[in-house]
Amino acid sequence: MNVLIIGGGGREHALAWKLARSPDVKKIYCAPGNAGTARRGENVPLKITDVEGLLQLAREKSIDLTVVGPDDALAAGIVDRFQADGRRIFGPTREAARLEWSKIFTKDFLLRHGIPTAAAGRFERVEDALAFCGTRSYPLVVKADGLATGKGVIIAQDRDAAERAVREMMVAGRFGDAGRRVLIEEFLTGPEISLHALIDSAHHRLLPVAQDYKRVGEGNLGENTGGMGSASPPAISLPNDLPQRVETGIMQPFMAGLHAEKLRFQGLLFPGLMLTPTGPRVLEFNARFGDPETQVILPRLQSDLLPILEATIDGRLPQVEMRVDPRAAVCVILASSGYPGSYETGKIITGLETIPPDSDDLFVFHAGTRLDGENVVTSGGRVLGVTALGRDLGEARDRAYDAADRIAFEGRYLRRDIAAAGAVA
Ligand code: AMP
Ligand code: GLY
């Protein structure tokens, strides 16, 4: 079987690594891919939103299955276009992926179906949003409705900050159309976890729970990033009743909501949850695998991923085997100094050969890398993710940092507290 993976980050390298282990996969193409995916298959330099170009590629290379990594490709309608061409593709249609690309749509969906989330007001007119800011207690959270590359959420400590955020989004157009409508919601507190649920329209199956370390600095300080590391299971103590609350309080009403609204969702639903003192609440939905969550989830998945993705497309999820490794996994991201702001690229990466390429419990997932002649060089903010498995989080963490420290490039930056006991995510 020929497989096409859309995207070029650490998540896509982890997907390529996992799918390459499937006995039924003949060849993997990745668009655009990176230096890591180039080792597992063939990279094709196409943009993830170039739907027509990607379709052409799928036709030319007789692709049997396409797996979509990033949300932008979903929002561009890639699944709709491939399906209309009779092609098998893992991921929701543009309409179903609205759960990721419209926060207002999602908030309404959550409230309609009684799924716990932060109370919120939704606004299309700036004067209404500003008036609302004057009536609330602080902090408050101001969110752009649409996709804003992870930057569209502002935690406002006071009325001034909230009004500034509203004006930036709705008047100055800081996030373009994505910020023309806003959501202003209650500030919640508690640790955050990432759920990953496969959904085949009628059924759902949960993958192992993970945790993402979002801020750039240790102690969870500084700017938000795409994620500086991840752990599975999370390095926090989880309430005993969490599985049951997730099942009956979130997943069951979610599935009933899809059914009631005749929304066909096929693919991966990744709810970001906050474990508040009054129980788990949904902060957001993503309609794709998390990055860097995937880099700890897939190494813990012992079963073949290919039949799982196929069962998701075909509505056979209850029948598929999904064995999970009881060991823990930790992923440490090596970033370019300056990220998430501006940074330099083209730095030669050394030490990659110290990690055995076919290890079963230690992996280097490439993100912002490319081949430059014989060398692997940096090409992005998040450069590599080093994942290790261990008997417990402590062992996984020690092994991940030990391996990470064998890899060098100019300006290499990493957080030292990923999965450390008591560290804030
Ligand atoms: P989102 O894109 O909605 O997940 O928001 C990004 C980040 O902002 C989340 O991971 C949280 O850390 C924070 N956040 C979002 N909504 C809230 C909220 N209602 N209360 C507190 N923090 C929030
Ligand atoms: N790591 C968070 C995300 O993928 O959205």
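All values reported here derive from a predicted model rather than from experimental measurement.

> Quick one: what's the story with the pairing of strand E16 (residues 229-232), residue by residue and with numbers?
Residues Gly 229 and Ala 231 point to one face of E16 and Ser 230 and Ser 232 to the other, with burial holding for every one of them. In the sheet, strand E13 (residues 211-212) pairs with E16 via 2 bridges, with the strands oriented antiparallel. Paired with Asp 212 across the two strands is Ser 230, which belongs to E16. Here E16 pairs with strand E19 (residues 328-336) via 4 bridges, running antiparallel. When the sheet's bridge partners are listed, Ser 232 is paired in E19 with Ala 329.

> Just give me the short version of the sheet that holds strand E4 (residues 65-68), but keep the residues and values in it.
Overall, parallel pairing links the 5 strands, which are arranged E3-E2-E1-E4-E5 in an open sheet. Across the chains shown, the open sheet's two edge strands, defined by having one partner strand only, are strand E3 (42-43) and strand E5 (89-90). Where strand E1 (residues 2-7) meets strand E2 (residues 27-32), 6 bridges bridge the pair, whose relative direction is parallel. Each bridged residue has a counterpart across the sheet, and for Leu 4 the counterpart in E2 is Tyr 29. Along the sheet, helix H1 (residues 10-20) contacts E1, E2 and E4; its crossing angle with E1, the most-contacted strand, is approximately 165°.

> Mind laying out the site of ligand 1, listing which residues take part and the relevant values?
Residues in close proximity to ligand 1 total 15 residues, the closest being Glu 185, Glu 186, Leu 188, Glu 192 and Glu 284. At 2.8 Å, a backbone N or O of Glu 186 approaches a nitrogen atom of ligand 1. Leu 188 places a polar main-chain atom, nitrogen or oxygen, 2.8 Å from a nitrogen atom of ligand 1. Tallied by class, the residues present in the shell around ligand 1 amount to 8 nonpolar, no polar and 7 charged.

> So what's going on with H1? Which residues, and what values?
A large share of H1 lies buried, amounting to 10 of its 11 residues. For H1, the complete set of buried residues consists of Gly 10, Arg 11, Glu 12, His 13, Ala 14, Leu 15, Ala 16, Trp 17, Lys 18 and Leu 19.

Basis of the calculations
- Residues numbered from 1 in each chain as written.
- Chains lettered and ligands numbered in written order.
- Predicted model: local features only at pLDDT ≥ 70, side-chain atom pairs only at ≥ 80, totals over all residues.
- Heavy atoms only, no water.
- Buried < 20%, exposed > 50% of the residue type's maximum accessible area, 1.4 Å probe, protein only.
- Helix = DSSP H or I, 4+ residues; strand = E, 2+ residues; numbered from the N terminus.
- Pairing = 2+ DSSP bridges.
- Contact = heavy atoms within 4.5 Å.
- Axes fitted to C-alpha atoms, helices over the stretch in contact; angles between N-to-C directions.
- Near = heavy atom within 4 Å.
- Polar contact = N/O pair within 3.5 Å; in protein donor to acceptor, adjacent residues only side chain to side chain.
- Nonpolar A, V, L, I, M, F, W, Y, C, P; charged D, E, K, R; others polar.

Keep in mind that these numbers describe shape and distance, not what the molecule does.
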